[in-house]
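Chains, contacts and geometry: an overview
These are the residues of each chain, in order.
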Amino acid sequence: MNPGNTKKPIAGFVHAVAWAILFSMPFFFTGREQSVTVESYLRFVIVPLSFMMVFYANYFLLVDKFLFIRQATKYALSNLVLIAVAMAGVHFLMQLLPPPEGMHHRPERSLQNIILFFTGNTLLYSLVAGLSVAIRMTGSWYKVESERKELEKSNFEAKLKNLKSQLNPHFLFNTLNNIYSLIAFNPEKAQQSVHDLSKLLRYVLYDNNQHFVPLAKELDFIRNYIRLMRLRLPAHVEVKAELPDEESPEVSIAPLLFISLIENAFKHGVNTGEPSFIRIAIHIDGDRKITCTIQNSYFPKTGQDKSGSGIGLVNLKKRLELLYPEHYVLRCERAGDTYLSGLILQLKPDTV
């Protein structure tokens, strides 16, 4: 539902109440000895009706036609003509009505009094026009601000969707490569890997469609991924994973954040001919902070290895900026033959 559509009835109601109060003022301020007659009330409402004409002529026509396109001179001249017509109309209608009770003829006015009368009324009508402009411009500002926030939200959603659409193929590409290499020397393990992969696919394609998922699901996904990767590793590769137990706190995090770091560890931390290690640890500090640290032996790939095209960490940084701005610490660095990576998420209150 468009927020502007819900505000229109509210604005109409406020306008109706304001005018109703103005038009009912004679009934509130007339003393007990006096009564509101038809003639006296008609004499009173002529001026508020002229105010209404000036107000809504500005509100619906002149502001849009001149002010919004920055034609201030034409706007001022149009209002001078409008005010002159309103004042002439009021004068003409007042002449049609009988004078107030006890006044048998209308008093003569001097030139000075006429000038003061027109000057005062011009200022009064100008205030009405100014009030109309203020309300109209404020309403337009709220509308533009609402549209801007909707646009920001749409852009945010589009960016996340685009990043996920890149992340999922990247993840699948690496995993299928692993299964392909496994088929050659252990078909039974490859079959088990396909079963494990189906669980991962279900999570990647269906369970993580929201911005945030339960931490328990994300940890289960990481366990399945590590188990899948272990199947193809030779015996001399040490893999240690220290993850919270299945009864982890009921917190939510953005999905598939840690997997980019874990993928890199398996990609660059394993050498089939040399001792290798991968150590993964995820800790939860209460319900406000999650820390993931990874250490792995470092065997940089050759320039011909384009697996994953190196987009994993790039996408991770972009998603962190969108979902955890100023609430994360990401560190990736090489220390000799060891590569260290870590991610600290400071959970926001609305995701706990």
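Residues numbered from 1 in each chain as written. Predicted model: local features only at pLDDT ≥ 70, side-chain atom pairs only at ≥ 80, totals over all residues. Heavy atoms only, no water.

Some remarks on the overall build of the protein
Just so we agree on the cut-off: The numbering of helices and of strands both runs from the N terminus, where a helix is a DSSP run of H or I of at least 4 residues and a strand a run of E of at least 2. Relative accessibility thresholds used throughout: buried, under 20% of the residue-type maximum; exposed, over 50%; partly exposed, between the two (1.4 Å probe, protein chains only). Any two residues whose heavy atoms approach within 4.5 Å are treated as being in contact. Method for areas: the Shrake-Rupley scheme with a 1.4 Å probe, in which residue coverage is limited to the protein chains shown.
For the protein, the helix and strand inventory stands at nine helices and seven strands. When burial is assessed residue by residue, the protein has 34% of its 352 residues classed as buried. Long-range pairs, those at least 24 residues apart, make up 73% of the contacts in the protein with a sequence separation of at least 6. Accessible surface, the protein: about 21,700 Å² in total, of which carbon and sulfur atoms supply 61%.

Some points on the sheet that holds strand 7 (residues 338-346)
Condition: For two strands to count as paired, DSSP must find a minimum of two bridges between them. Axes here mean lines fitted to C-alpha atoms, for a helix over just the part in contact, with angles spanning 0 to 180 degrees between N-to-C directions.
With respect to topology, five strands assemble into an open sheet ordered 2-4-5-7-6, the strand pairing being mixed. Where the open sheet ends on each side, the last strands, each with one partner, are strand 2 (237-242) and strand 6 (328-335). Neighbouring strand axes in the sheet, compared pairwise and without regard to direction, differ in orientation by 5° on average. The pairing of strand 4 (residues 276-285) with strand 5 (residues 289-297) spans eight bridges and is antiparallel.

Section: unusual backbone geometry
Here Leu256, not a glycine, exhibits a phi torsion of approximately 60°, which is positive. Looking at where Leu256 falls in the secondary structure, it is placed in the loop between strand 3 (252-253) and helix 8 (258-268). On the basis of relative accessible area, Leu256 is assigned to the buried category, the value being 4%. A positive phi angle is found at Glu326, which is not glycine, with a value near 60°.

Quick look at the side chain of Arg136
Inspection of the secondary structure puts Arg136 in helix 5 (residues 111-183). Among all residues touching Arg136, those that are not within four sequence positions of it are Tyr59, Val63, Asp64 and Phe68.

What about the packing of aromatic side chains?
Threshold: Only rings of Phe, Tyr and Trp enter the pairing, Trp through its six-membered ring, and a pair is recorded when the two centres are within 6.5 Å. The plane angle decides the type: under 30 degrees is stacked, over 60 is edge-to-face, the rest tilted. For a ring to carry a charge above it, either NZ of a lysine or CZ of an arginine must fall within 6 Å of the ring centroid while also lying within 35 degrees of the normal to the ring plane.
Throughout the structure, instances matching the rule amount to nine aromatic pairs. Ring plane angle 85° and centroid distance 6.1 Å describe the contact between Phe212 and Tyr324, whose orientation is recorded as edge-to-face. Taken together, the residues Phe212 in the loop between helix 6 (187-207) and strand 1 (213-214) and Tyr324 in the loop between helix 9 (311-323) and strand 6 connect sequence positions 112 residues apart. By relative accessible area, Tyr324 is classed as buried at 0%. Each member of the aromatic cluster is reached from another via a ring pair, and the members are Phe55, Tyr56, Tyr59 and Phe60. One Lys or Arg, Arg136, reaches over the ring of Tyr59 and ends 5.8 Å from the middle of that ring. The ring of Phe277 is capped by Arg279, whose NZ or CZ atom sits 4.2 Å from the centre of that ring.

So, helix 7 (residues 215-230)
Given 3.6 residues to a turn, an α-helix orients residues that are three or four positions apart in the same direction. Quick note on the threshold: By this rule the span expected of a helix is its residue count minus one, scaled by 1.5 Å.
Its 16 residues give helix 7 an end-to-end C-alpha distance of 23 Å, which sits within 8% of 22 Å, the value for a rise of 1.5 Å per residue. Three or more residues of helix 7 are buried, namely Leu215, Glu218, Leu219, Phe221, Ile222, Asn224, Tyr225, Ile226, Leu228 and Met229.

Description of the environment of Arg232
Assignment of secondary structure puts Arg232 in the loop between helix 7 and strand 2. By relative accessible area, Arg232 is classed as partly exposed at 21%. Every residue in contact with Arg232, bar those within four places of it in the chain, is listed here: Asn178, Ser181, Leu182, Phe185 and Phe266.

Looking at helix 4 (residues 72-96)
Along its 25 residues, helix 4 runs 36 Å from first to last C-alpha, staying within 8% of the 36 Å computed at 1.5 Å per residue. The set of residues buried in helix 4 consists of Tyr75, Asn79, Leu82, Ile83, Ala86, Met87 and Val90.

Points about the nonpolar core
Operational definition: Residues belong to a common nonpolar core when they are buried Ala, Val, Leu, Ile, Met, Phe, Trp, Tyr or Cys residues joined through side-chain atoms within 4.5 Å.
Within the largest apolar cluster, 42 residues are counted, with the highest numbers of intra-cluster contacts made by Phe221, Leu257, Phe258, Ile262, Phe266 and Tyr324. Within the second largest apolar cluster, 23 residues are counted, among which are Trp19, Val54, Tyr75 and Val128.

Brief notes about the packing of helix 7 against helix 8
Going by this rule: Orientation categories follow fixed angle ranges, with anything under 35 degrees roughly parallel, anything over 145 roughly antiparallel, 65 to 115 roughly perpendicular, and all other angles oblique. It is the rotation of the near helix from the far one that decides the hand of a crossing: anticlockwise by less than a right angle makes it left-handed, clockwise makes it right-handed. Under this grouping Gly is polar, as are all residues other than the nonpolar Ala, Val, Leu, Ile, Met, Phe, Trp, Tyr, Cys and Pro and the charged Asp, Glu, Lys and Arg.
Between helix 7 and helix 8, the shortest axis-to-axis distance is 11 Å and the interhelical angle comes to 15°. Here helix 7 is positioned roughly parallel relative to helix 8, judged by the angle of their axes. In the crossing of helix 7 with helix 8, the sense of the turn from one axis to the other is right-handed. Contacts between helix 7 and helix 8 involve Phe221, Ile222, Tyr225, Ile226 and Met229 from the first element and Phe258, Ile259, Ile262, Glu263 and Phe266 from the second. Taken together, the residues of the contact of helix 7 with helix 8 sort by class into nine nonpolar, no polar and one charged.

Brief notes about the environment of Phe299
Position of Phe299 relative to the elements: it lies in the loop between strand 5 and helix 9. Contact partners of Phe299, with chain neighbours within four places excluded, come to His268, Gly269, Val270, Asn271, Glu274, Pro275 and Ser276.

Here's the deal with the confidence of the model for the protein
Condition: Every residue carries a pLDDT, the predictor's confidence in it, which falls somewhere between 0 and 100.
Averaged over the protein, the pLDDT score is 76; the fraction of residues at 70 or greater is 75%. This stretch, residues 304-309, has a pLDDT under 50; its non-local contacts, to residues over four places away or in other chains, come to seven contacts.

Focus on the pairing of strand 6
Pairing geometry for strand 6 and strand 7, over eight bridges, is antiparallel. Across the sheet, Arg334 pairs through a bridge with Tyr339, a residue of strand 7. Connecting strand 6 to the next strand, strand 7, in antiparallel fashion are two residues, including Gly336 with a positive phi near 65°.

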